[in-house]
Amino acid sequence: MGLDDKISNKTEDLKGKAKEATGSATGDDELKNEGKGDQASSAVKDGVESVKDAAGTVKDKLTGH
């Protein structure tokens, strides 16, 4: 996972947490749910990037790099 991807995913997660907290505080369920969605999206992207990293590591080991 590249540094840019990590920063982007973390930013999306933090924005989602802020939206969720704001939605909870103001009683805005739509904003709260949007925040939860942003966090879920970030988690999925992190998972995909982790799989890519693991696959690259396996490939390197198999090819002797």
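Participant: Please explain the overall build of the protein chain as it appears in this structure.
Facilitator: If you tally the helices and strands in the protein chain, you get 2 helices and 0 strands. For 65 residues, the compact-globule estimate of 2.2 N^0.38 gives 11 Å, and the protein chain exceeds it by more than 25% at 16 Å. Each of the three principal axes of the protein chain carries a C-alpha extent, and together these read 55 × 15 × 10 Å. Here the protein chain, with 65 residues, has 15% of them falling under the buried criterion. Residue pairs at least 24 apart in sequence account for 41% of intrachain contacts in the protein chain once pairs closer than 6 positions are excluded.

Participant: Can you help me understand the side chain of Gln 39 in this one?
Facilitator: Along the polypeptide, Gln 39 turns up in helix α2 (residues 29-63). Taking relative accessible area as the criterion, Gln 39 reaches 18% and is therefore assigned buried. For Gln 39, the residues in contact, after removing those within four places along its chain, are Asp 13, Gly 16, Lys 17 and Glu 20.

Participant: Which parts of the structure should I look at to understand the pattern of salt bridges?
Facilitator: It is possible for side chains of opposite charge to pair when their charged atoms get near one another. The full count for this structure, using the stated rule, is 5 salt bridges. Residues Asp 13 and Lys 17 are paired through a salt bridge, measuring 3.4 Å at the closest nitrogen-oxygen approach. With Asp 13 and Lys 17 both in helix α1 (residues 3-26), this residue pair falls 4 residues apart, about one helical turn. Across the pair Lys 52 and Glu 49 runs a salt bridge, and its minimum N-O distance is 3.6 Å. Pair noted here: Lys 52 and Glu 49 are both in helix α2, with a separation of 3 residues, about one helical turn.

Participant: I'm lost on the side chain of Ser 42 in this one. Help?
Facilitator: Within the secondary structure, Ser 42 sits in helix α2. Polar side-chain contacts of Ser 42 include one of 2.7 Å to the backbone oxygen of Asn 9. If we ignore the near neighbours within four places in the chain, the residues touching Ser 42 are Asn 9, Glu 12 and Asp 13.

Reading guide: rules and limits
Residues numbered from 1 in each chain as written. Predicted model: local features only at pLDDT ≥ 70, side-chain atom pairs only at ≥ 80, totals over all residues. Heavy atoms only, no water. Helix = DSSP H or I, 4+ residues; strand = E, 2+ residues; numbered from the N terminus. Rg over C-alpha atoms; globule rule 2.2 N^0.38 Å. Buried < 20%, exposed > 50% of the residue type's maximum accessible area, 1.4 Å probe, protein only. Contact = heavy atoms within 4.5 Å. Salt bridge = Lys/Arg side-chain N within 4 Å of Asp/Glu carboxyl O. Polar contact = N/O pair within 3.5 Å; in protein donor to acceptor, adjacent residues only side chain to side chain.

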